[in-house]
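Summary of structural features
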Amino acid sequence: MPVPKPHQFIVRLLATVCLTIPNLLWAQNLKETFDFANHLYEKRDFDGAANTYRRVIFFDKKEEFRKQCYKNIADCLYATQNFEEAADYYELAFYQQKTDSLKAEILFRKLSCFLLTNNFEYAEIELFSLPENLSESQKRRKTFYAAVLHFSTDRYKEAKKEFISLIDSTDLEAKQKIHELFAKNEKISRLNPKTAQTLSMILPGLGQFYAGDVKNGFNSFLLTGGIITWGVLTAINSAARFDVFITMVPWFQRYYMGGYNKAAIIAENQKKKRRAKVYNQLLDVVSK
């Protein structure tokens, strides 16, 4: 085997040093970057922390810190209400957890993300993915999330049972309140946008009154009635009755059709508004 010449040996040695030292320095810098990300996280600078954790992931080829970053990024995104992206990072973090309890915590976070973004189909998948061996506090959280999911997807009988099960058995007042709120919710369900629309077709403004919007009901009635009155009086006192009719019809059509279509929208909005109020009251009862 030929012995390398002195200058070749020196070149190889320098090349090795040049390749090794930057790697050592970068490993040290990577640790400092990770620590800095943790510092930002503790200071609640969640945007800065998330971006710094991402930098660690990008440069961490040996995966020394990468696995620890996924959950932290997800928590940062959750804190800044970027729930869709947070769910993606919780998915990555799930596979890094070593115990069933920690995995369950990640699933709860994902479930929360999907509920907050109204992605109820995925929320239900996460709910069924929770393991059986949950702690008592985790079982309660599972019931709570199930109640929220079922209420949000109009499965009120299931939601009612779950909300009641969250109340202490001795707290009869709270249980009675739950029953009252679900009775109120049942009445809200009877508010029908199609009925509101039909009523306003029969008499402008009547659908708005049915939905509980008195102001818009009066506006619709007065505008439509005013146009008809103006058209009739003008036609009576004018020889050009056909011209009056042609002028009146587009305005009548605009306010009449607009009125009954708006009645349906108002009814739907009122329904959502009242149901949201009931939902918030339910949360207040179970949180006490």
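Residues numbered from 1 in each chain as written. Predicted model: local features only at pLDDT ≥ 70, side-chain atom pairs only at ≥ 80, totals over all residues. Heavy atoms only, no water.

Focus: the overall build of the protein
Rules: Numbering goes from the N terminus for both helices and strands, where a helix is a DSSP run of H or I of at least four residues and a strand is a run of E of at least two. Each residue is placed in one exposure class: buried if its accessible area under a 1.4 Å probe, protein chains only, is under 20% of its type's maximum, exposed if it is over 50%, and partly exposed if it falls in between. Two residues qualify as a contact provided that any one of their heavy atoms is within 4.5 Å of a heavy atom in the partner residue. Residue burial considers only the protein chains on display, and all accessible areas are found by Shrake-Rupley using a 1.4 Å probe.
When you go through the protein residue by residue, the secondary structure sums to 13 helices and zero strands. Secondary structure of the protein in N-to-C order comes out as α-α-α-α-α-α-α-α-α-α-α-α-α. Scored against the burial criterion, the 288 residues of the protein give a buried share of 34%. At a minimum sequence separation of 6, the contacts of the protein that also span at least 24 residues come to 51%. For the protein, the exposed area adds up to about 18500 Å²; of that, 58% sits on carbon and sulfur atoms.

Some points on the confidence of the model for the protein
The following threshold applies: The predictor attaches a confidence to each residue, and that confidence, scored 0 to 100, is pLDDT.
Confidence along the protein averages 84 in pLDDT terms, with 81% of residues attaining 70 or more. Confidence, read as mean pLDDT per element, is least for helix α1 (residues 6-42) in the protein (61) and greatest for helix α8 (residues 156-165) (96).

Details of a positive patch on the surface
How we decide: Each patch is assembled from residues with relative accessible area greater than 30% and no salt bridge, linking like charges that lie within 9 Å and nonpolar side chains (Val, Leu, Ile, Met, Phe, Trp, Tyr) that lie within 5 Å. Definition used for salt bridges: Asp or Glu carboxyl oxygen within 4 Å of a side-chain nitrogen of Lys or Arg. By the counting scheme adopted, Arg and Lys are positive, Glu and Asp are negative, and His together with the chain ends is not counted. One atom stands in for each charge, and that atom is NZ of Lys, CZ of Arg, CG of Asp or CD of Glu.
A cluster of like positive charges, contributed by K177, K184, K273, R274, K277 and K288, occupies part of the molecular surface. Among the elements that line the positive patch, the one with the most residues is helix α13 (residues 241-287), at three residues. Within the secondary structure layout, K273 lies in helix α13. Given a relative accessible area of 59%, K273 falls into the exposed group.

Focus on helix α10 (residues 193-202)
Put simply, the rule reads: It is the directions from the helix axis to the C-beta atoms whose arc is reported. In the analysis that follows, any N or O atom pair within 3.5 Å is treated as a polar contact, provided that within protein one partner can donate a hydrogen and the other can accept it, and provided that, for residues neighboring in sequence, both atoms belong to side chains.
Where α10 is concerned, the buried positions are P193, A196 and S200. Down the axis of α10, the sector holding all buried residues measures 55°, keeping them to one side. α10 presents K194 and I202 as exposed residues on the side facing more than 90 degrees away from its buried surface. Sitting at the head of α10, N192 places a side-chain oxygen 2.9 Å from the backbone nitrogen of K194.

Topic: the pattern of salt bridges
Think of it this way: side chains of opposite charge can pair up when their charged atoms draw near. Here the structure, examined in full by the defined rule, presents 10 salt bridges. The salt bridge partner of R141 is E105, with a shortest N-O separation of 2.9 Å. With a gap of 36 residues between them, R141 in helix α7 (residues 136-152) and E105 in helix α5 (residues 100-116) connect regions that are remote in the sequence. A relative accessible area of 29% places E105 in the partly exposed class. Residues E186 and R190 are paired through a salt bridge, measuring 3.8 Å at the closest nitrogen-oxygen approach. The exposure class of E186 is partly exposed, given its relative accessible area of 47%. Taken together, the shared-partner salt bridges connect E91, K110 and E126 into one network.

A few points about the side chain of E162
Within the fold, E162 resides in helix α8. Summary of buried charges: E162 has no salt-bridge partner, and the nearest side chain of opposite charge, R155, is 8.2 Å away. Reaching out from E162, the side chain makes a polar contact with the backbone nitrogen of A147 at a distance of 3.3 Å. Aside from chain neighbours lying at most four places away, what touches E162 is T143, A146, A147 and H150.

Brief notes about the side chain of S112
Structurally, S112 is set in helix α5. Judged by its relative accessible area of 7%, S112 is buried. S112 has contacts with Y78 and Y145, leaving out every residue within four places of it along the chain.

Quick word on the packing of aromatic side chains
As a reminder, the rule being used: A pair of Phe, Tyr and Trp rings is counted when the ring centres sit within 6.5 Å of each other, with Trp represented by its six-membered ring. The angle between the planes then sorts it: under 30 degrees is stacked, over 60 is edge-to-face, the rest tilted. Consider the ring centre and the ring normal. A charge sits over the ring if Lys NZ or Arg CZ is within 6 Å of that centre and within 35 degrees of that normal.
Considering all chains together, one arrives at 14 aromatic pairs under this definition. Relative to Y95, the ring of F94 has its centre 5.3 Å away and its plane inclined at 90°; by these criteria the two rings are edge-to-face. On the basis of relative accessibility, which here comes to 19%, the residue F94 falls in the buried class. Here the aromatic residues F151, Y156, F163, F182 and Y279 are joined through ring pairs into a cluster of three or more. The lysine or arginine in question, K103, covers the ring of F94, its NZ or CZ lying 5.7 Å from the ring centre. Sitting over the face of the ring of F108, R141 holds its NZ or CZ atom 4.3 Å from the ring centroid.

Here we look at unusual backbone geometry
For R44, which is not glycine, the phi dihedral falls at a positive 65°. Within the secondary structure, R44 sits in the loop between α1 and α2 (46-59). The backbone of Q81 sits at a positive phi, close to 65°, despite the residue not being glycine. Note on placement: Q81 falls in the loop between α3 (66-79) and α4 (83-94).

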